[in-house]
Amino acid sequence: MGGSGMHIIIDLKLKAMQAPASKPLSFSILLSSSLLLIFVSSSLHPAQADQPLLTPIKKDTSTNLYSVSVYLKTPLQHTNLHLDLGASLTWVDCTRRYNSSTYRHVLYNASLCLELDTRIYGNCFKSPGPSCFNDSCEFFPENSVTRQIAIGDILLDSLALPTTDGRNPGKLGLDSDFVFSCGTTKLLRGLARGVTGLAALGRFNFSLPAQLGRAFSSPLIFAICLPSTPSANGAAFFNSAGPYYFLPGIDLSKSLIYTPLLLNPYGDTITPYPNRPSDEYFIGVTSIKVNGNAVPLNKTLLAINQENGFGGTKVTTSTPYTLLHTSIFKAFTAAFEQESAALNLSSITPVKPFSLCYEADKIASTRVGPAVPTIDLVLQSDDVLWRIFGANSMVSVKVNGEDGLCLGFVDGGPNPRTSIVIGGHQIEDNLLQFDLVSKRLGFSSSVLFRSTTCSNFNFTTNK
């Protein structure tokens, strides 16, 4: 098939996304010269150009982490992967039940291995398989939650995601040469139950968005909308600047405010990569306001130190709640407490890891969450604000059997590498667009304000 350059179309109902991870999915292959054309060959060739792709995002309540669903291997199998916004290369546990007829190893002296800049190779002293091959190109996959690493072979295999028109999922789009690393079962510890690896969405040439962009000759633009509940999925869009339609028919791509994506010259990976900048996404927060009043801060902490990479603000999906440098945290919580007192909110004994908690039944509810002081992250100018309402600032807890609400920001210590780490809870029900073409982040602030949620994408298959 690869030599003839045959085009195929894969017709797969989205309900198969719910199939058990270990059960191969059945699908029909139809020859076609129209609709979605998928070009299968032994080297990386694009499918239909400018083809947007889609995947659901699921929240795990036990870890407060997020996962995406992809199709991997041949035959295609439903695979759940931890969503890591700042990782460089996707990895999958290859040590257990990795069964595929199309996986291929990469030799240490191959040009692909040189592009990956791994600088390591390995030999196999067991039976050859996905995780064991002589003279193979190897990589150090990392778990960004537990800060653990492993070593694994680089593989190529088939990966597929549903196409989309921005309203519904469609047929599957296939990348037959997806590059990833083998991980280990042990490396999965600390991630959501049911995931078998990690989906890397960072600023690296072989991240998931970068590879999908090349495979489909599409712009390197992707968006995520994290769900606030485990009962309904959010959505991630690849190869698309929009539209992103959420029920009842709201295109959230029309509601974005933009701020530059900043490059940190030094990465924070466990394995150092000299002369390679960070794969994480940094933005330029210049001040913080609570109810419109500026919080007194040491503003040198808000800038990225070009000599060592310390400071600045990054966005992550591997930390449940926003972490603040201790000095920022103390000033911020003091300001929030002062503004809360003005609203006659009744404080209660805090619940770890939080420092400020309140009686929930004394706080009114609004369409954007509890009626508490608003928080503004001021960006490149005073009129560019990422506004955080109660749904994203407060966390529901139980205190002696009673309902409480805690300020969902955590003390990150007196000497963190990054001064502000915006965590998952603060970006739930916010649409974030990462435009690597224009090097900018588009953000919606809470979509609850627009009478929708990130769980309101219509995952019904568009026939």
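Use the structure listed above.
This report concerns the structure included in the present document. From a predicted model like this one, the values you see are computed outputs, not experimental measurements.

## Structural notes on the overall build of the chain
The number of helices and strands found in the chain is five helices and 37 strands. Here the chain, with 463 residues, has 57% of them falling under the buried criterion. Long-range pairs, those at least 24 residues apart, make up 70% of the contacts in the chain between residues at least 6 apart in sequence. Here the chain has roughly 19100 Å² of accessible surface; of this, 53% comes from carbon and sulfur atoms.

## Some thoughts on the side chain of H105
With respect to the element layout, H105 can be found in strand β8 (residues 104-105). One polar contact links the side chain of H105 to the main-chain carbonyl oxygen of P130, over a distance of 3.0 Å. A polar contact is formed between the side chain of H105 and the side chain of D153, at a distance of 3.5 Å. Sequence-distant contacts of H105, defined by excluding residues within four places in its chain, comprise G129, P130, S131, C132, F133, D153, I154 and L155.

## Some thoughts on the packing of aromatic side chains
Evaluated as defined, the whole model comprises 19 aromatic pairs. Centre to centre, the rings of F246 and F457 are 5.8 Å apart; their planes meet at 70°, and the pair counts as edge-to-face. With F246 in strand β18 (residues 245-246) and F457 in the segment after β37 (440-446), this residue pair connects regions lying 211 residues apart in the sequence. By relative accessible area, which is 1% here, F246 ends up buried. On the numbers, 5.1 Å between centres and 70° between planes, the contact of F457 with F459 is edge-to-face. Classification of F457 as buried rests on a relative accessible area of 5%. Classification of F459 as buried rests on a relative accessible area of 18%. Grouping aromatic residues by their ring pairs yields a cluster made of F237, Y244, F246, F457 and F459. Above the ring of Y273, the side-chain terminus of R276 is found at 4.4 Å from the ring centroid. Above the face of the F449 ring, R367 is positioned so that its terminal group lies 4.8 Å from the ring centre.

## Some remarks on the state of the cysteines
The final tally for this structure, using the stated rule, is four disulfides. The disulfide partner of C113 is C137, and the S-S distance across this bridge is 2.2 Å. Judged by the torsion about the S-S bond (85°), the C113/C137 disulfide is right-handed. Within this pair, whereas C113 is found in helix α1 (residues 111-116), its partner C137 is found in strand β10 (residues 136-139), the two being separated by 24 residues in sequence. Assessed through its relative accessible area of 0%, C137 is described here as buried. Between the sulfur of C225 and that of C454 lies a disulfide, 2.0 Å long from S to S. Linking C225 and C454, the disulfide has an S-S dihedral of approximately -70° and is accordingly described as left-handed. Of this pair, C225 sits in strand β16 (residues 221-225) while C454 sits in the segment after β37, and the two are 229 residues apart along the sequence. Across the pair, exposure class does not vary: C225 and C454 are buried alike.

## Quick notes on the pattern of salt bridges
Pairing between side chains becomes possible if they bear opposite charge and their charged atoms approach one another. Under the criterion given, the structure shown has eleven salt bridges. Its salt-bridge partner being K398, residue D403 comes within 2.6 Å of it at the nearest N-O pair. By relative accessible area, which is 56% here, K398 ends up exposed. One connected set of salt bridges, linked through shared partners, spans R147, D268 and R417.

Thresholds applied
Residues numbered from 1 in each chain as written. Predicted model: local features only at pLDDT ≥ 70, side-chain atom pairs only at ≥ 80, totals over all residues. Heavy atoms only, no water. Helix = DSSP H or I, 4+ residues; strand = E, 2+ residues; numbered from the N terminus. Buried < 20%, exposed > 50% of the residue type's maximum accessible area, 1.4 Å probe, protein only. Contact = heavy atoms within 4.5 Å. Areas by Shrake-Rupley, 256 points an atom, 1.4 Å probe, with all protein chains shown as cover. Polar contact = N/O pair within 3.5 Å; in protein donor to acceptor, adjacent residues only side chain to side chain. Phe/Tyr/Trp six-rings, centres within 6.5 Å; stacked < 30°, edge-to-face > 60°. Lys NZ or Arg CZ within 6 Å of the ring centre and 35° of its normal. Disulfide = S-S within 2.5 Å. Salt bridge = Lys/Arg side-chain N within 4 Å of Asp/Glu carboxyl O.

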